[in-house]
Amino acid sequence: MKIFTAKQIYAADQFTLEEQDISSDALMERAATRLFNWFHHRLQGDQVKIKLFCGIGNNGGDGLALARQLWEHGYNFEVFVVNYSEKRSHDFLINLERLKDRKIWPNFVNQDTELPSLDSEDIIIDALFGIGLNRSPDQWVERLIEHLNNSGAFVVSVDVPSGLFLDQAVKNSKAVVKANYVLSFQFPKLIFFLPETGIFSNQWEILNIDLSQKFIEQTEADYELITKNKVLQYYLPREKFSHKGTYGHALILGGSHGKIGAVSLASRACITSGSGLVSAYVPQCGYIPIQSSVPEVMVITDQGEDEIMNISLNIEPDVIGMGIGLGTAKSTQEAFTKFLGTTNCPMVIDADGLNILAKKKSLLKMLPPKTILTPHPGELRRLIGNWEDDFDKLHKAKEFSKKHDCILVLKEAHTIVVYNGKGYVNTTGNPGMATAGSGDVLTGVITSLIAQKYEPLIAAIFGVYLHGRAGDIAIENLGYQALTATAIINGIGPAYLDLFNVPPTDIEKETKEN
């Protein structure tokens, strides 16, 4: 599913109005009906007190239209209109009059108004600001938002948590609604997935308001979600008359004294993800550990006892996953540099491989096209430099990817794959995967997919989804705290099966916990 900018969403609205020959207030009514249906399905007429806080733009108009539908079905509610500007949108005014026609009188709130009484048993509907916000709210509105956040009530935001911008970082966190749930129209928003802004959206769900499918299909987006639907398009089925050579020979290269476990994890993940053959290249101290812990993997040893000193291969792998547990000893850096100058094999580089690249940026010119780099935030900072906020980080990551023709896998709670000016945002994974060795497993998975003839970008997209889904399946029996990298590997097989267990679920019906 595409992730559109605010400008594109407004264009989608306008295109829909013309294509479907409807008025803007009719589209607002459609959105309000989807909101009402969501609440009604869950509340079933329960008389819990619902308090709607509406701004004076179209987001507030959605809230007023919802209030009218709540009234029509006998719900217990109260409306507060927050007068933060002298301007009012046309559709807001239409829905305000419709309320007044039914003798429903909102409470008007301004900077001189006493803060309304709130109870922890209330449901608060936040319809203050929508996707068009471009400046921080006034100080008195900030106090109101703090009041909502401190109420202990269950807060549902309409489209986005009020106070967030769609295309820039938070300027004042006190002036942002902390939503328990966000009901977002038609499209997910990039801010749901970034660490600095995602914390304001505990859970989110898409409400389909039937915007023009033609517009959606013909409009390019800078970001897309990686979902089951997405990866199923890429899946390569196995042929009956195939053999292990059909599915490639992957090499996992890394390890140093005390860090052979990283190679063991990556190698096992690689073979479990479907590579036909897997070899591990390690220093001599790694021979017995790898041979005994992963019997399916062949082992090649370097001349170095405790570290890799001179990479010499007697095989021709289809792909190399390198850097895990490698260390950054001077002899290892020299061996790494020399090796890059002698191979054009597709590569996935992680961990100390990235640290060596960061120490000697000239090596980036030696990488084969579409090399996949898989940095965590610290490794990314060493590669691309510091950033001001998450938006600046993505901008710099895209520039780096273009300059060096590499695919970046930005490992976060929502991993983002960056290549050729686009970002692909993963929807699988959980906090339990913040554990030692999880990144080594991801390196093995992506390396395996390239060995199986997936294009590098597709391998990165498919790999982060499969890795995250394996972790999601594993926690069902383990919980977050007990999840280990080995358990993630054990979840890879079930993650493959999960692709076909049920028909792909439409994202409009999916809820994502952050």
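What you are looking at is a predicted structure, and each value in this text was computed from that prediction instead of being measured.

Colleague: Just to check I follow, could you spell out the layout of surface pockets for this structure?
Modeller: Rolled over the atoms, a probe with the dimensions of a water molecule shows which regions are left empty. As a volume, the second largest pocket reaches approximately 940 Å³. Forming the boundary of the second largest pocket are 38 residues, of which Tyr 10, Gly 57, Asn 58, Asn 59 and Gly 130 lie nearest the centre. Those elements that provide at least two residues to the lining of the second largest pocket are helix H1 (6-20), helix H2 (24-43) and helix H3 (58-72). If you tally residues by element for the lining of the second largest pocket, the top one is H1, at five residues. Looking at side-chain class alone, the lining of the second largest pocket contains 17 nonpolar, twelve polar and nine charged residues.

Colleague: In this structure, what is going on with the pattern of salt bridges? I would like to understand it.
Modeller: Opposite charge on two side chains allows them to pair when their charged atoms are near. Under the defined criterion, the tally for this structure stands at 20 salt bridges. For the salt bridge of Lys 189 with Asp 159, the shortest nitrogen-to-oxygen distance reads 3.0 Å. Separated by 30 residues along the polypeptide, Lys 189 in the loop between strand E7 (181-185) and helix H6 (195-198) and Asp 159 in the loop between strand E6 (154-158) and E7 bring together distant segments of the chain. With respect to class, Lys 189 is no different from Asp 159; both count as buried. Residue Asp 392 is joined to Lys 396 by a salt bridge in which the shortest nitrogen-to-oxygen separation is 3.5 Å. Separated by four residues within a single helix, Asp 392 and Lys 396 lie in helix H14 (residues 390-404), roughly one turn from each other. Lys 396 sits in the partly exposed class, given a relative accessible area of 28%. Taken together, the shared-partner salt bridges in this structure form one network comprising Asp 25, Glu 29, Arg 68, Glu 72, Arg 98 and Arg 102.

Colleague: Teacher, can you tell me more about the environment of Asp 222 here?
Modeller: With respect to the helices and strands, Asp 222 occurs in the loop between helix H7 (213-218) and strand E9 (223-226). Note: C-alpha distance between Asp 222 and Phe 4 (218 residues apart in sequence) is 7.4 Å. Residues contacting Asp 222, with those up to four places away along its chain left out, are Lys 398, Gly 421, Lys 422 and Gly 423.

Colleague: Help me out: how do you make sense of the pairing of strand E13 (residues 319-322) in this one?
Modeller: Looking along a regular strand, one sees side chains alternate from face to face of the sheet. Neither face of E13 is exposed, since Val 319 and Gly 321 on one face and Ile 320 and Met 322 on the opposite face are all buried. Relative to E13, strand E10 (residues 249-253) runs parallel, the two sharing four bridges. Bridged to Leu 253 within E13 is Met 322. With three bridges joining them, E13 and strand E14 (residues 347-349) adopt parallel strand pairing. Among the inter-strand pairings, Met 322 is bridged to a residue of E14, identified as Ile 349. Regarding topology, helix H11 (residues 330-340) serves as the crossover connection from E13 to the parallel E14, and that connection is right-handed.

Colleague: When you look at empty space enclosed by the protein in this model, what are you seeing that I'm missing?
Modeller: A complete count under the given rule lists two cavities of 30 Å³ or more for this structure. Looking at the largest cavity, its volume works out to about 60 Å³. Lining the largest cavity are Phe 193, Leu 194, Pro 195, Asp 390, Lys 393, Leu 394, Leu 410, Glu 412, His 414 and Ile 416. The biggest single contributor to the lining of the largest cavity is H14, with three residues. A per-class count over the lining of the largest cavity returns six nonpolar, one polar and three charged. If you go around the second largest cavity, the residues you meet are Pro 375, His 376, Pro 377, Leu 380, Trp 387, Lys 393, Leu 410, Lys 411 and Glu 412. Per-class residue counts for the lining of the second largest cavity are five nonpolar, one polar and three charged.

Colleague: How should I be thinking about the sheet that holds strand E16 (residues 406-410) in this particular structure?
Modeller: With mixed pairing, the eleven strands of this open sheet are ordered in space as E1-E9-E18-E17-E16-E15-E14-E13-E10-E11-E12. With one partner strand each, in any of the chains shown, strand E1 (2-3) and strand E12 (298-301) form the two edges of the open sheet. Across five bridges, the pairing between E10 and strand E11 (residues 277-282) is parallel. Looking at E11, one finds that Leu 253 is bridged to Tyr 281. The strands that helix H15 (residues 438-451) touches are E10, E13, E14, strand E15 (371-373) and E16; relative to E13, the one it contacts most, it runs at about 175 degrees.

Colleague: Before we go on, may I ask you to explain the side chain of Lys 398 in this structure?
Modeller: As for its placement among the helices and strands, Lys 398 is situated in helix H14. Buried charge without a salt bridge: Lys 398, with Asp 222 as the nearest opposite-charge side chain at an N-O distance of 4.6 Å. Among residues more than four places away in sequence, those in contact with Lys 398 are Asp 222, Tyr 223, Val 418, Gly 421, Lys 422 and Gly 423.

Colleague: I keep staring at the environment of Asn 430 and nothing clicks. Help me out?
Modeller: Inspection of the secondary structure puts Asn 430 in the loop between strand E18 (422-426) and H15. Considered as a pair, Asn 430 and Arg 469 are 39 residues apart in the sequence and their alpha carbons are 8.9 Å apart. Within the structure, Asn 430 has its side chain in polar contact with the backbone oxygen of Gly 471 (distance 3.2 Å). A distance of 2.9 Å separates the side chain of Asn 430 from the side chain of Asp 472, its partner in a polar contact.

Colleague: Is there a simple way to think about H3 in this case?
Modeller: An α-helical turn contains 3.6 residues, so a residue and the one three or four places further along point in the same direction. The end-to-end C-alpha separation of H3 is 21 Å, in line with the 21 Å expected for 15 residues at 1.5 Å each. When H3 is considered as a whole, its buried residues turn out to be Asn 59, Gly 60, Gly 61, Asp 62, Gly 63, Leu 64, Ala 65, Leu 66, Ala 67, Arg 68, Gln 69 and Leu 70.

Colleague: Looking at this model, I keep getting lost on the packing of H2 against H3. Mind explaining?
Modeller: Two measures define how a pair of helices packs: the angle their axes make with one another and the distance between the axes. At their nearest, the axes of H2 and H3 sit 8 Å apart, and the two run at 55 degrees to each other. Relative to H3, the element H2 is oriented oblique. The way H2 lies across H3 gives a crossing that is right-handed. On H3, the residues that touch Met 28, Glu 29, Ala 31, Ala 32, Thr 33, Leu 35, Phe 36 and Phe 39 of H2 are Asn 58, Gly 61, Asp 62, Ala 65, Leu 66, Arg 68, Gln 69 and Leu 70. Residue classes in the contact of H2 with H3 are distributed as nine nonpolar, four polar and three charged.

Conventions and cut-offs
Residues numbered from 1 in each chain as written. Predicted model: local features only at pLDDT ≥ 70, side-chain atom pairs only at ≥ 80, totals over all residues. Heavy atoms only, no water. 1 Å grid on protein atoms, 1.4 Å probe; cavity = no way out; pocket = protein on both sides within 12 Å on 5 of 7 lines; lining within 4 Å. Points joined across faces, edges and corners; volume = space filled by probe spheres on them. Helix = DSSP H or I, 4+ residues; strand = E, 2+ residues; numbered from the N terminus. Nonpolar A, V, L, I, M, F, W, Y, C, P; charged D, E, K, R; others polar. Salt bridge = Lys/Arg side-chain N within 4 Å of Asp/Glu carboxyl O. Buried < 20%, exposed > 50% of the residue type's maximum accessible area, 1.4 Å probe, protein only. Contact = heavy atoms within 4.5 Å. Pairing = 2+ DSSP bridges. Right-handed = clockwise from strand over helix to strand, strands pointing away. Axes fitted to C-alpha atoms, helices over the stretch in contact; angles between N-to-C directions. Lys, Arg positive; Asp, Glu negative; His and termini not counted. Polar contact = N/O pair within 3.5 Å; in protein donor to acceptor, adjacent residues only side chain to side chain. Expected span 1.5 Å × (residues − 1). Parallel < 35°, antiparallel > 145°, perpendicular 65-115°, else oblique. Left-handed = near helix turned anticlockwise from the far one by under 90°.

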